[in-house]
Amino acid sequence: MTDSHESEPDDQETISREIAAAQQEDAPHGRRTATRLDFPAYRSSALRHPTKELRHVDPEGVELLAPVFGERDVDPSEADLTAQRGGEPIGERIRVAGRVLDGDGRPVRRQLVEVWQANAAGRYVHRRDQHPAPVDPHFTGVGRALTADDGSYSFVTIKPGPYPWRNHRNAWRPAHVHFSLFGTEFTQRLVTQMYFPGDPLLALDPIHQAVLDPAARERLVATYDHDLSEPEWLLGYRWDIVLTGPHATPLEEQDHA
Amino acid sequence: MPEPTPGQTVGPFFHDALPVEGGDRLVPGGSPGAVRLHGRVLDGRGDPVPDALLEIWQADPAGRVAQEHGSLRRDRVDAGVFTGFGRAATDADGAYVFTTLEPGATAPGAAPFVAMTVFARGLLDRLFTRVYLPDDVALAADPFLGMLSPEERSTLVARREHDGSLRFDVRLQGDGETVFLRFPRGSR
C-alpha cells in the first residue's frame, strides 16, 4: 500500500497497451470468434471470469428447446422507444433493423428481442447511473419486439450517447445498444451489444475489444443503411444477428451436376 | 454460412430492461410441489455479485418440456400454466430466489436438472450451467457427472436445506468454482 502508483487509476494508454498485448498473444491461435472471458483490460472481469475451462457437454432434455414467447408477451408498441412516455425524446431519431438468423442462415422466427440503452446524452434511466448528464423524461431506453417469420426485427429509438465509466481514468464507452436474444434452443441464448459505424471510441474500449478476432468484432458494428432512413423522420441502421447452437445441422455439400 | 455474433457483457444497467414482474416465479407461491431454488452469486474473492442476472429453463415434474407462450408476462403462470422459464436478478447480497417445481427426467434414467444461464457486469459473455437435484438416484449413473471430479460434481448439485428448499450457489471463480458448460459445435 506504500506504492504510490496504487492510488493512481490506470490511464487509456495502459489499457490500450493491454488490449494490444492480448490481441498479439491470441493471434498465433488463429481466428478466435468468441469473446474472451479473461480480459484484464476490462477491470471488472478480473474476479468474475471462470478460471477453469468450460466443460464440454452434449445438450440434452430442456437444452434442446427454448422458452417460447408470443404475442401475449410483447406489445407491438414496445418496439418504438420514442413513443413510450407521451412526448418526444431528445436526440437523433433512428431505426435499428435487421434479421436474427441461426448458424445455417435460417431465420429465427417469432422470438423475443429485448433492447436497452442510454439516452442521447449517454444517461441510463437507472438508479445506479450517476453520470451528470440529463435524464430524458420522455425516454426509458427499453424496448421489446418479436422477430417476424423472416427473422426480421425493427426498433425506432434515439441514438444513444457515449458515457463515462470507471474502468480507468477518462474511460468512455462507445455508443451502443444492448441486445438480448433467444434462439430455438437454450444453448443459443445471446446477450450482446450493437455499436455504431465510425465510432473512434471502439478501438479504445476493452469490452468491444474483448472480441479478439477483428472480423468477429466488426460483426458487432451496425451498417448505416439509407434505405432504412425515412424522409424528414429518421436515419436507419442495419444490424443482423447470428445465433449458433450445437444442432445447427451443417448444410451438405450439394452436387447439382 | 453466416458467422456468429459474439456475446458482450449484460453491463450494470440491465435492471429496467430484463427483469420482469414475477419473473422469479415459475409457479404461484404455495402451489402443490412448489419449491424455493435459491442461493448467491459470488466472485473470485467470495464477495457477492449484486448485478447478476440468472435465467432458468426446466422440464415439469413429469419431465415434460413446455412450449407455452407467456413466459415473460407471467399471466399464464398465474393461471397455473407451467412455462418452465424464470428470470431473476441478484440483490445487494448477491442472492437470488426462484419459486418453481422440481424437474423430472426428460429421458428414462436421465438425471433431471434445471438449465441455468448466468449474466453479470464484469462477465463478458453469458455462462451456462446445470442445477442437479440432490439425492437423485440417477446422479450416480449420469455420464456427464461421471466425468467430473467429486469437487466439480458438487458444484452442480443443489443442497437440500432444512426447510426443503434447494440451495445452489454460483461461484464465478476461485474455490469451489462452478462448472460451466460448453456445447459442441457452438462458437464459444
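All residue numbers here refer to positions counted from 1 along the written sequence of the relevant chain. Note on labels: chains are lettered from A, ligands numbered from 1, in written order. Only residues with pLDDT of 70 or above have their local features reported here, since the model is predicted, and side-chain atom pairs are shown and tallied only from 80 upward, although totals for entire chains, interfaces and linings are computed over all residues. Calculated side-chain values reflect all of the structure's heavy atoms, with hydrogen atoms and water omitted.

Student: Help me understand the UniProt feature "domain: Intradiol ring-cleavage dioxygenases" (unreviewed entry) in chain A, please; the structure alone is not making it clear to me.
Tutor: UniProt positions are given in the numbering used here, feature names are shortened, and annotations may be inferred rather than shown by experiment. Look at the UniProt record and you will see "domain: Intradiol ring-cleavage dioxygenases" (unreviewed entry) annotated at residues 96–124 of chain A. Comment: elements are numbered from the N terminus, with helices defined as DSSP H or I runs of at least four residues and strands as E runs of at least two. Between the C-alpha atoms that bound residues 96–124 of chain A the distance is 19 Å, and the span itself is 0% helix and 45% strand.

Student: Even after reading the chapter, I still don't get the pattern of salt bridges, so can you show me in this structure?
Tutor: Any two side chains of opposite charge can pair, on the condition that their charged atoms come close. By definition, a salt bridge exists where a carboxyl oxygen of Asp or Glu is found within 4 Å of a side-chain nitrogen of Lys or Arg. Under the counting rule described, the total for this entry stands at 37 salt bridges over all chains. Across the pair Asp 10 of chain A and Arg 43 of chain A runs a salt bridge, and its minimum N-O distance is 2.9 Å. With Asp 10 of chain A in the segment before α1 (12–26) and Arg 43 of chain A in the loop between α1 and β1 (55–56), this residue pair connects regions lying 33 residues apart in the sequence. It is possible to trace a salt-bridge network through shared partners that takes in Glu 78, Glu 114, Arg 144 and Arg 189 of chain A together with Glu 55, Arg 73 and Arg 87 of chain B.

Student: When you look at empty space enclosed by the protein in this model, what are you seeing that I'm missing?
Tutor: Buriedness for pockets is judged along seven lines, at least five of which must meet protein on both sides within 12 Å for an open set on the 1 Å grid over protein atoms alone, while cavities are sets there where a 1.4 Å probe fits but cannot get out, and lining residues have an atom within 4 Å of a point. Grid points are joined across faces, edges and corners, and a volume is the space filled by probe spheres set on the points. Applying the stated criterion to the full structure yields five cavities of 30 Å³ or more. The volume enclosed by the largest cavity comes to roughly 70 Å³. In terms of lining residues, the largest cavity is bounded by Glu 60, Gly 61 and Val 62 of chain A together with Ala 59, Pro 103, Gly 104, Ala 105, Thr 106, Ala 110, Ala 111, Pro 112 and Phe 113 of chain B. In terms of residue class, the lining of the largest cavity is built from eight nonpolar, three polar and one charged. By volume, the second largest cavity amounts to about 50 Å³. Lining the second largest cavity we find Trp 116, Gln 117, Tyr 124, Val 125, Thr 140, Gly 141 and Val 142 of chain A together with Phe 13, Asp 16 and Ala 17 of chain B. Gly counts as polar in this scheme, as do all residues outside two lists: the nonpolar Ala, Val, Leu, Ile, Met, Phe, Trp, Tyr, Cys and Pro, and the charged Asp, Glu, Lys and Arg.

Student: I'm lost on the sheet that holds strand β4 (residues 142–146) of chain A in this one. Help?
Tutor: All names here are of chain A. Note: two strands are recorded as paired if DSSP finds a minimum of 2 bridges between them. The sheet built from four strands is open, its strands ordered β4-β3-β8-β9 with antiparallel pairing. In this open sheet, the two edge strands, each paired with only one partner strand, are β4 and β9 (190–195). The mean inter-strand angle of the sheet, taken between neighbouring strand axes irrespective of direction, is 20 degrees. With five bridges connecting them, strand β3 (residues 112–117) and β4 associate as antiparallel partners. Following the sheet pairing, Val 115 is matched in β4 by Gly 143. Throughout, an axis means a line fitted to C-alpha atoms (over the contacting stretch in the case of helices), and angles, computed between N-to-C directions, take values from 0 to 180 degrees.

Student: What exactly am I supposed to notice about the UniProt feature "domain: Intradiol ring-cleavage dioxygenases" (unreviewed entry) in chain B here?
Tutor: According to UniProt, the feature "domain: Intradiol ring-cleavage dioxygenases" (unreviewed entry) maps to residues 31–105 of chain B in the numbering used here. Helix makes up 5% of residues 31–105 of chain B and strand makes up 33%, while its end C-alpha atoms are separated by 21 Å.

Student: Can you walk me through the interface of chain B and chain A in this structure?
Tutor: As a measure of interface size, the accessible area lost when the parts come together is often cited. By definition, residues are in contact when any of their heavy atoms lie within 4.5 Å. Taken together, the 74 residues of chain B in the interface contact 86 residues of chain A. If you sort the residues of chain B by the area they bury against chain A, Gln 8, Phe 13 and Leu 124 of chain B come out on top, with a joint share of 11%. Scanning the region where chain B abuts chain A turns up 10 salt bridges. The shortest N-O distance in the salt bridge between Arg 55 of chain A and Glu 152 of chain B comes to 2.9 Å. We define a polar contact as two N or O atoms separated by no more than 3.5 Å, with the added condition that, inside protein, one atom must be a possible hydrogen donor and the other a possible acceptor, whereas residues neighbouring each other in sequence contribute only through side-chain atom pairs. At the surface where chain B touches chain A, the tally comes to 38 residue pairs in polar contact (both at pLDDT 80 or more). Note: buried area is the sum, over both parts, of the accessible area (probe 1.4 Å) each one loses when the two are combined.

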